[in-house]
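# Results of the structural survey
Listed below are the residues making up each chain.
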Amino acid sequence: MSNQNPGQHQNKNQNPGKNQNQNRSQINHHFCPPENEDFNLKETTPILGGGRVTANDRLGTAFDLVEQMHYLFIRVVKAKELPLQKDGNSNPQPFAEVQLGNLKGLTLHFEDRSSPDWNQVLVVLKDRIQSRILQVCLRDKSRISGSDDGLIGRVVFEVNEVPKRVPPDSPLAPQWYWLENSKGKKVKGELMLAVWIGTQADEAFPEALHLDATAVNGDGVANIKSKVYLSPRLWYMRVNVIEAQELQLANNNRQQPEIYARITLGNVALRTKISLSKNVCPTWNEDLMFVAAEPFEDQLVLSVEDKVAPNKDELLGKCVIPLQDVEKRIDFSTPISKWYSLEKDVVSQDGNKKVAKLNSKVHLRLSFDGGYHVLDELTHYSSDLKATSKELWKPSIGVLELGILNAQGLSPMKNRDGRGITDAYCVAKYGQKWIRTRTILNSFNPKWNEQYTWEVFDPCTVITIGVFDNCHLQGADNNDKVSDSKIGKVRIRLSTLETDRVYTHSYPLIVLTPAGVKKMGEIQLAVRFSCSSLVNMLAMYSQPLLPTLHYLHPLTYYQIDNLRHQATQIVATRLSRAEPPLRREVVEYMLDVGSNMWSIRRSKANYVRIAGILTGLIAICKWFNGICTWKNPFATVLVHIIFIQFVCFPRLILSAIFVLLFLIGTWNYRMRPKNPPHMDIKLSQAEIVPWDELDEEFDTFPTSRNIDVVRMRYDRLRSIGSRMQAVAGDLANQGERFYNLLSWRDPRATALFLIFCLIASMVLYVTPFKVVVTLMGFYTMRHPRFREKLPSVPLRFFRRLPAKTDSLL
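Residues numbered from 1 in each chain as written. Predicted model: local features only at pLDDT ≥ 70, side-chain atom pairs only at ≥ 80, totals over all residues. Heavy atoms only, no water.

- As named in an unreviewed UniProt entry, the protein is Multiple C2 and transmembrane domain-containing protein 1-like, taken from Nicotiana sylvestris.
- Within the UniProt record for the protein, the comment given under Sequence similarities (unreviewed entry) is "Belongs to the MCTP family."
- Per UniProt, the protein has the following entry under Subcellular location (unreviewed entry): "Membrane". (UniProt positions renumbered as here; feature names shortened; annotations may be inferred.)

## What to know about helix α6 (residues 600-628)
- Between its first and last C-alpha atoms α6 spans 41 Å; for 29 residues at 1.5 Å apiece the expected length is 42 Å, and the two agree.
- Along α6, the sharpest kink reaches roughly 30°, centred on threonine 615.
- Two to three positions downstream of the cap, the backbone nitrogen of arginine 601 sits 3.3 Å from a side-chain oxygen, assigning the N-cap of α6 to serine 599. (Helix = DSSP H or I, 4+ residues; strand = E, 2+ residues; numbered from the N terminus. Expected span 1.5 Å × (residues − 1). Bend = angle between axes of the 7 residues up to and from the residue. Polar contact = N/O pair within 3.5 Å; in protein donor to acceptor, adjacent residues only side chain to side chain.)

## Focus on the sheet that holds strand β33 (residues 516-531)
- Taken in spatial order, the five strands of this open sheet run β2-β32-β33-β24-β29, and their pairing is antiparallel. If you trace the sheet from one side to the other, it starts and ends with β2 (42-43) and β29 (447-456), each paired once.
- Direction of pairing for β2 relative to strand β32 (residues 502-513): antiparallel, over a ladder of two bridges. Residue lysine 42 lies in a different strand from β32, and its bridge partner there is serine 506. (Pairing = 2+ DSSP bridges.)

## Comments concerning the packing of aromatic side chains
- The full count for this structure, using the stated rule, is 16 aromatic pairs.
- Plain terms: the ring middles of phenylalanine 73 and tryptophan 196 are 5.2 Å apart, the flat faces sit at 5° to each other, and that makes the pair stacked. Residue phenylalanine 73 is located in strand β5 (residues 70-80), and its partner tryptophan 196 is located in strand β12 (residues 186-199); the two are separated by 123 residues in the primary sequence. Accessibility classification places phenylalanine 73 together with tryptophan 196 in one group, the buried group.
- Considering the side-chain rings of phenylalanine 753 and phenylalanine 756, the 6.5 Å spacing of their centres and the 35° angle between planes classify their relative orientation as tilted. Of this pair, phenylalanine 753 and phenylalanine 756 are both found in helix α11 (residues 747-766), three residues apart, which corresponds to roughly one turn of the helix.
- Judged by relative accessible area, which is 49%, phenylalanine 756 ranks as partly exposed.
- Through pairs of rings, three or more aromatic residues link up here, namely Tyr71, Phe73, Trp196 and Phe205.
- Over the face of the ring belonging to tyrosine 765 we find arginine 651, whose NZ or CZ atom lies 5.8 Å from the ring centre.
- Here the guanidinium or amino end of arginine 670 rests over the ring plane of tryptophan 667, the centre of that ring lying 3.9 Å away. (Phe/Tyr/Trp six-rings, centres within 6.5 Å; stacked < 30°, edge-to-face > 60°. Buried < 20%, exposed > 50% of the residue type's maximum accessible area, 1.4 Å probe, protein only. Lys NZ or Arg CZ within 6 Å of the ring centre and 35° of its normal.)

## Structural notes on the environment of glutamine 255
- Within the element layout of this structure, glutamine 255 appears in the loop between β15 (234-245) and β16 (259-265).
- Judged by its relative accessible area of 65%, glutamine 255 falls in the exposed class.

## A look at the pairing of strand β7 (residues 103-106)
- Only one face of β7 is buried, namely the one carrying Leu103 and Gly105, since none of Lys104 and Leu106 on the opposite face is buried.
- Strand direction decides the pairing type here: strand β6 (residues 94-100) and β7, joined by four bridges, are antiparallel. If you follow glutamine 99 over to β7, its bridge partner there is lysine 104.
- With antiparallel pairing between neighbouring strands as the criterion, β6 and β7 make up a hairpin whose turn holds two residues, including glycine 101 at a positive phi of roughly 65°.

## Let's talk about the side chain of threonine 439
- Tracing the backbone through its elements, the reader meets threonine 439 in the loop between β28 (433-436) and β29.
- On the basis of relative accessibility, which here comes to 7%, the residue threonine 439 falls in the buried class.
- One polar contact links threonine 439 to asparagine 470, side chain to side chain, over a distance of 3.0 Å.
- Those residues in contact with threonine 439 that lie beyond four places of it in its chain are Asn223, Ile224, Asp423, Ala424, Tyr425 and Asn470. (Contact = heavy atoms within 4.5 Å.)

Next comes the structure, spelled out in structure tokens:
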């Protein structure tokens, strides 16, 4: 399996020798963002749901987190009694044309039909209407020529007279209208229409064709509409290869065969170790893990092979197992083992290939482990932590609502007709639900104003919003030639949001390129997290972060890394097969594929985070040194008095510590973070990056350098460095979580901890210190039978605290 980052391909055709001198000259250069570039988060006050919303407003109506946008809707339903063609023997080929000033939209056309049925909706933003007359023309495609526009008849409306419709009013009923010619005289035929003014909350809006998108045709029309996608339900599949019997070797005189089993599922192939029993009845008893997605379309292929030479393997037999027959389990109960007969392709005397059944058999245990959560994201950015099996799901604790308002100042992403343009759309991912907004064509300041909702099962999860440039507006002709360009993304951790508060902020869209960090624009979002039961949500902080099977029967780091790679590829493949497809490059960018690769910049960022944590300890040491050196005599005398009191009354020590923590946390409430976290270029060490570090970060894996020894050492260094980077990141996470106990970064967690500190201070005050120390000592040295494999409640709580990983690029 390859662990290559698909997005890192810039240097594949690069000539290392040609660029060596250039590299040396630029090795000490830094890429600095413009001084006037603002990478900070900005609080905004948009007009949402028809009124201006402040930070503490609590709204509860549909589409209340977006600005209302009024549209003119034209529903072309059908026509009847249309006149025959000029020959008088055949029916027309009718289609409807909606004209509104310089805006024009067409419906489908029908062959040889006098009573066509379209039922299509066309819309145009009211602010873009530049004409007071709306014309719906019915034309005959077969009659269109140089001098004949094929007009059958038309219906004319005054835009100012069009009625308004506000949901939850029922849809406006269409009516029959007589057709008239260009001179205003009635002609044969009738057209059924409905015309009204509505908003994006109208149920006809998602499937409507926008008149300002007439340049898009064919399959490209589907690529500009908003859609909701569901990622496939993923399972961990465990294949326990036990043994094989009565294998038939090609060379019967072979004394010590080296037999192993190879299992293939989809594009993933894993193999067991070579059996220690060197005979025709090998044993392995080895587990291999795969990721499978519902519906189970692939088949499991197992082949038993003999390594007869260093580069030569001989097939001894194989079997194909449908995944529908595999047992599903929610715990770690032993699945039923089965014997499977092996078969082999043989060539008959007439040269035809056929399948021959063998007497050989292989013994397997197959199971889908539904007690695990299949990780397709990094744990730090995970939006879903539930087990695969629905039987283990708990009720939802709340609702997440996201309003995608607009973007400002987007950079031009491609050229068309000699000028830079951007066709932007947004993608948001939380849990299994992916959403894609409609594409706003040719605009650096697009307005979407679309609102979406997700169920929340765990507050310690992250929603990811990405902005992309649509490069697939010309249909299926260029689908494989271009990729949608990334403009930037935003991550928001739900636990950092106050309940029922509406957050309206403008987030910077930041992308790291081989030329350095670049701000691509800003996106304005409105976010609200509502909980149904505060008690149930607070109780989540005492639960394990992942399902219990991850702790009772943990997977290795190597397994988790490989399985995550399998899961991301499956999700990307399935979503790219949807209609319209959610492109592979989009899914991989949202899932941070390749973000665990070695990067000096990320390692520096983690080092700076660790150094920031140690500054608190260093400050305490400096303060104590000042006490010892009598820099402030009053403070030194006061510390001596407190020290004497603790010596005389040692039971006050723990109580005083918890009281102090409670007071510090209460004092910090005034300085609690008011805004959700955002991408921080200083924290990411992207503000000033040396050229050689960027060259390494955007280099291919393995490296494209032409010296074999350098390539081997370079790849090994990056592999080892990625582990060190992960360890450094985990250390930084733990320290930041400790500091966030009192920082109100997660207001509910801080409140729970302060309540615990207050109660603990009172309990420890009335409890003799010797009793407390004795109980702690006996509890720490308790017998293993009184221990459990699940993390303790304090550790569960601690692991749910937020860290600054949400703000890393």
